[in-house]
Amino acid sequence: MTIVIATPAARTLLKPRRATSEHETQLARFLPALQPALQKLMLASKAHADLLVSFPAAAISLVTKRLTARERASALKLVRAGRPLKEIAAALRLPMWLRRLPPEALYEPLPANLDPDDRAFGRAVVNAAPATFKPGATWLAQVLTARALCDDEFALWWARRCWDALRPDMIAPVAAFAWFSKHPQHAAYRYLRTAWSSRAALAVVAHEAHLWHVRMILDAQAREARGDPHHLTGARHAGYEFVALDTAAALQEEGRLMGHCVADYAERAAIGYSRLFGVRQGGSRLATMEIRYREGAAVGIEQICGPRNRTPDQDLLRAAYAWAHALCTMPGCSALYGPAPINLVSWKLLWQPYVGAKAAEGVTVPAAPVDANAILNRTRELMAAAIG
């Protein structure tokens, strides 16, 4: 935040005066770095000093380089002339609803592109504001970020649920989830299990947004990029076929038809913790298993179960363990584990409708990571904060 005292054109309007204890108390509530400049403004006249109390955001705009020097000088003349706050706000390109926010809520720099005629949103958002703010509260920055990255409805939902443990940079994954929830015509929508709702709790939305990212990652991962040297797709052993379950749709179908929760293991597959397989014979689904490479271990099966989590028969178990043992002792088999690379073409195609729509609104969407763990760490952090 760049701080100014006054422009040469405005300096002649500022005449020193003594501050009252009320004004000194109010000054102490502002960001410490701004206080010297605000003190000079406060000593100019009672009208200037009163602005720190009646419209803290306007006082900040007068002593920072949010606007041009000419715009600040024009606004200073209006203050000196005792013009209504509405005129001063218009000159500073500030919506009137910002006057309701105390100095503690204004530690972050104010954007230059605020809409001074933003009445409807303003009335709603000030009613969603906390009763009190701690110094350095990021509530306003979070709300404005949520609005830019999604829309007014999402911003108001976030405004009622955000607190100091959350940060503006946590919003992007959930904002995208909410945006796609309202646009079913786009491919990313089909990965939603439960769409965003303004009635949902933050913890619920954070969890659903996390699962949504997991499913998209699975389908955008390019396992073909590292090859399949052991021919795992459709591998056969002792009359059984081992089918890789490496897409969101395959996991959901397996879980539905087998009556168990294998779809909940999608994140393990996405981050490369393990690989999941369906065991077939003659076209029938007999079992589902999870394999993890463990160096030095004879067998890499983490778990294997039949329909409705029943134990498979002994012939199937022997075949599965033998195949897993052969797999986990092959040279270079560890390369099959760890996060698969994300196919950038597929990934960008999923996100393009959202990025393009926001660009048309003049909003630059923060670049999403292209590594599975980096992507999911953002939603994990939000989930932890939401339930903490």
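Sequence order as written defines the numbering, with residues in each chain counted from 1. Two thresholds apply to this predicted model, a pLDDT of at least 70 for residue-level local features and 80 or more for giving and counting side-chain atom pairs, whereas whole-chain, interface and lining totals are computed over all residues. Just so you know, side-chain values use all the structure's heavy atoms and leave hydrogens and water out.

### A look at the pattern of salt bridges
Cut-off, in case you're wondering: By convention in these notes, a salt bridge is any Lys or Arg side-chain nitrogen within 4 Å of a carboxyl oxygen on Asp or Glu. Each helix corresponds to a stretch of at least 4 residues labelled H or I by DSSP, and each strand to a stretch of at least 2 residues labelled E; elements are numbered beginning at the N terminus. Here's how the labels work: a residue is buried when its accessible area is under 20% of the maximum for its type, exposed when over 50%, partly exposed in between, all with a 1.4 Å probe on protein chains only.
Taken as a whole, this structure holds 19 salt bridges when the rule is applied. Between arginine 318 and aspartate 315 there is a salt bridge, with the nearest N and O atoms lying 2.5 Å from each other. One end of the pair, arginine 318, and the other, aspartate 315, are both in helix α15 (residues 314-328), three residues apart, so they sit about a helical turn from each other. Note on arginine 318: relative accessible area 52%, which makes it exposed. Overlapping salt bridges bring together Glu253, Glu254, Arg280 and Arg285 as one network.

### Comments concerning the side chain of histidine 48
The condition is simple: Distance and chemistry together define a polar contact, namely a pair of N or O atoms within 3.5 Å, with one atom able to donate a hydrogen and the other to accept it when in protein, and with adjacent residues in sequence counting only for side-chain atoms on both sides.
Looking at the element boundaries, histidine 48 is found in helix α4 (residues 46-54). A distance of 2.5 Å separates the side chain of histidine 48 from the side chain of serine 45, its partner in a polar contact.

### A closer look at the sheet that holds strand β4 (residues 284-291)
To be explicit about the condition: Strand pairing is defined by DSSP finding a minimum of two bridges between the two strands. In this description, a line fitted to the C-alpha atoms serves as the axis of each element, helices being fitted only across the stretch in contact, and the angle between N-to-C directions of two axes falls anywhere from 0 to 180 degrees. Contacts are assigned to residue pairs that have any heavy atoms within 4.5 Å of one another.
Reading across the sheet, the five strands line up as β1-β2-β3-β4-β5 and stay open at both edges, with antiparallel pairing between neighbours. With one partner strand each, in any of the chains shown, β1 (235-237) and β5 (301-305) form the two edges of the open sheet. Going across the sheet, the axis of each strand differs from the next one's by a mean of 25 degrees, ignoring polarity. By the bridge criterion, three bridges tie β1 to strand β2 (residues 240-244) in an arrangement that is antiparallel. The partner of alanine 235 across the bridge, within β2, is phenylalanine 242. Packed onto the sheet, helix α13 (residues 248-258) meets β3 (275-281), β4 and β5 and runs at close to 125 degrees relative to β4. Taken strand by strand, α15 contacts β1, β2, β3, β4 and β5, and its axis lies near 40 degrees from that of β4.

### Remarks on the packing of aromatic side chains
The test is simple: Two rings from Phe, Tyr or Trp (for Trp, the six-membered ring) form a pair when their centres are within 6.5 Å of each other. A pair whose planes differ by under 30 degrees is stacked, one over 60 is edge-to-face, and the rest are tilted. Throughout this description, the term charge over a ring refers to an Arg CZ or Lys NZ atom that lies within 6 Å of the ring centre and within 35 degrees of the ring normal.
Counted under the stated rule, the structure contains 18 aromatic pairs. Ring geometry for tryptophan 97 versus phenylalanine 121: centroids 6.1 Å apart, planes at 80 degrees, classification edge-to-face. With a gap of 24 residues between them, tryptophan 97 in the loop between α7 (85-91) and α8 (119-127) and phenylalanine 121 in helix α8 connect regions that are remote in the sequence. Each ring, one from phenylalanine 133 and one from tryptophan 139, has its centre 5.8 Å from the other, and the planes form 65 degrees; the classification is edge-to-face. By the burial criterion, phenylalanine 133 is buried, and tryptophan 139 matches it. Connected via pairs of aromatic rings, a cluster forms that spans Phe177, Trp179, Phe180, Trp212, Trp347, Trp351 and Tyr354. Here arginine 147 stacks its cationic end above the ring of phenylalanine 121, 3.8 Å away from the centre of that ring.

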